[in-house]
Amino acid sequence: LAPALVAAQAPPAMPAPQPPPPTIEVAGQGEVTAMPDRAQVLVTVQVRARTAAAAGTENAQRSQRVLDALRAAGVPREQLATLGYSVQPAYRYPGEGRSPELVGYDARNTVRVELRQVEQVGKAIDAALAAGANDVAGVNFFLGTPSGVKRDALAAATSDARLAA
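The rules behind each value
- Residues numbered from 1 in each chain as written.
- Predicted model: local features only at pLDDT ≥ 70, side-chain atom pairs only at ≥ 80, totals over all residues.
- Heavy atoms only, no water.
- Helix = DSSP H or I, 4+ residues; strand = E, 2+ residues; numbered from the N terminus.
- Rg over C-alpha atoms; globule rule 2.2 N^0.38 Å.
- Contact = heavy atoms within 4.5 Å.
- Areas by Shrake-Rupley, 256 points an atom, 1.4 Å probe, with all protein chains shown as cover.
- Lys, Arg positive; Asp, Glu negative; His and termini not counted.
- Charge placed at Lys NZ, Arg CZ, Asp CG, Glu CD.
- Phe/Tyr/Trp six-rings, centres within 6.5 Å; stacked < 30°, edge-to-face > 60°.
- Buried < 20%, exposed > 50% of the residue type's maximum accessible area, 1.4 Å probe, protein only.
- Axes fitted to C-alpha atoms, helices over the stretch in contact; angles between N-to-C directions.
- Parallel < 35°, antiparallel > 145°, perpendicular 65-115°, else oblique.
- Left-handed = near helix turned anticlockwise from the far one by under 90°.
- Arc of directions from axis to C-beta.
- Core = buried A, V, L, I, M, F, W, Y, C linked by side-chain atoms within 4.5 Å.
- Pairing = 2+ DSSP bridges.

Colleague: In this structure, what is going on with the overall build of the chain? I would like to understand it.
Modeller: Scanning the chain from N- to C-terminus turns up four helices and four strands. Here the C-alpha atoms of the chain give a radius of gyration of 32 Å, more than 25% beyond the 15 Å that 2.2 N^0.38 yields for 165 residues. Considered along the principal axes of its C-alpha atoms, the chain spans approximately 105 × 45 × 35 Å. Relative to all contacts within the chain whose residues are 6 or more apart in sequence, the contacts with residues 24 or more apart total 74%. Carbon and sulfur atoms provide 55% of the accessible area of the chain, an area that totals close to 11400 Å². Counting 16 positive and 15 negative side-chain charges, the chain places the centres of these two groups 8 Å from one another.

Dropping the structure here:
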């Protein structure tokens, strides 16, 4: 009687695993071209003075003039930000075998200008340079809302993949 009980309690046999359905893998490529509608401009004010304090003070004054000029050119305050600020000693290297000589301190302030209209780039650069900025560290163009363009590219890639399949 015992062997019959054990057989009754044994779990039912597992069905054999089914092989996965056949698949086809394809890749698609989609490309969409769009004109940028935003720009980022980096402008720098660099000042050299005898002391670090003098360099920092002069840099702060010139940087404020640059910010004021950019706002006067139509750039809202929330689209302006200090990206980096530094004060470092500046040396002159007179020649081989001679020690470097401290000639002052360089203060640098880089301002990031976000523009919501690419047509404002030239006006913003001109305003910043006229107010005391002495370096345009870079201009980058981009899309403010790239989701529609990405969606169009994905649709083109999906269509391309279906054709390949």
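Colleague: Would you mind showing me how to read the packing of aromatic side chains here?
Modeller: Tallied over the full model, the rule gives one aromatic pair. Ring plane angle 50° and centroid distance 6.5 Å describe the contact between Tyr91 and Tyr93, whose orientation is recorded as tilted. By relative accessible area, Tyr91 is classed as partly exposed at 43%. Judged by relative accessible area, Tyr93 falls into the exposed class, the value being 62%.

Colleague: Just to check I follow, could you spell out the packing of helix α2 (residues 52-72) against helix α3 (residues 121-131) for this structure?
Modeller: The relative placement of two packed helices comes down to the angle between their axes together with the axis-to-axis distance. For the pair α2 and α3, the least separation of the axes is 8 Å and the interaxial angle reads 150°. In terms of orientation, α2 lies roughly antiparallel with respect to α3. Regarding α2 and α3, the two cross each other, and that crossing is right-handed. Contacts between α2 and α3 pair Arg62, Arg65, Val66, Ala69 and Leu70 from the former with Ala124, Ala127, Ala128 and Ala131 from the latter.

Colleague: Explanation requested: α3 in the structure shown.
Modeller: Owing to its 3.6 residues per turn, the α-helix brings residues three or four apart onto one side. Buried within α3 we find Val121, Ala124, Ile125, Ala127, Ala128 and Ala131. In an axial view of α3, the angular spread of the buried residues amounts to 165°, which keeps them on one side of the axis. In α3, those exposed residues whose orientation departs by more than 90 degrees from the buried face are Lys123, Asp126 and Ala130. Buried residues in α3 make contact with β1 (38-49), α2, β3 (101-115) and β4 (135-142). Of the residues trailing α3, Gly132 is marked for its positive phi of about 130°.

Colleague: Can you help me understand the nonpolar core in this one?
Modeller: The tendency in soluble globular proteins is for nonpolar side chains to be buried as a group. Ranked by internal contacts, the top residues of the largest apolar core, which has 22 residues, are Val41, Val43, Val66, Leu70, Val113 and Leu115. Listed by contribution, the elements that provide at least two residues to this core are β1, α2, β3 and α3. Element by element, the count of residues in this core is highest for α3, at six residues. If we skip the residues at most four places from it in the chain, Val41 touches Val111, Arg112, Val113, Leu115, Val121, Ile125, Val136, Gly138 and Val139.

Colleague: Hey, could you run me through the pairing of β3 in this one?
Modeller: Residues in a regular strand point their side chains to alternate faces of the sheet. Bridge analysis of β1 against β3 gives 11 bridges, and the strand direction is antiparallel. Bridging from a neighbouring strand, Leu42 pairs with Arg112 of β3. Summarising the sheet, strand β2 (residues 80-92) and β3 pair through 12 bridges and their orientation is antiparallel. Across the sheet, Tyr85 pairs through a bridge with Asn109, a residue of β3.

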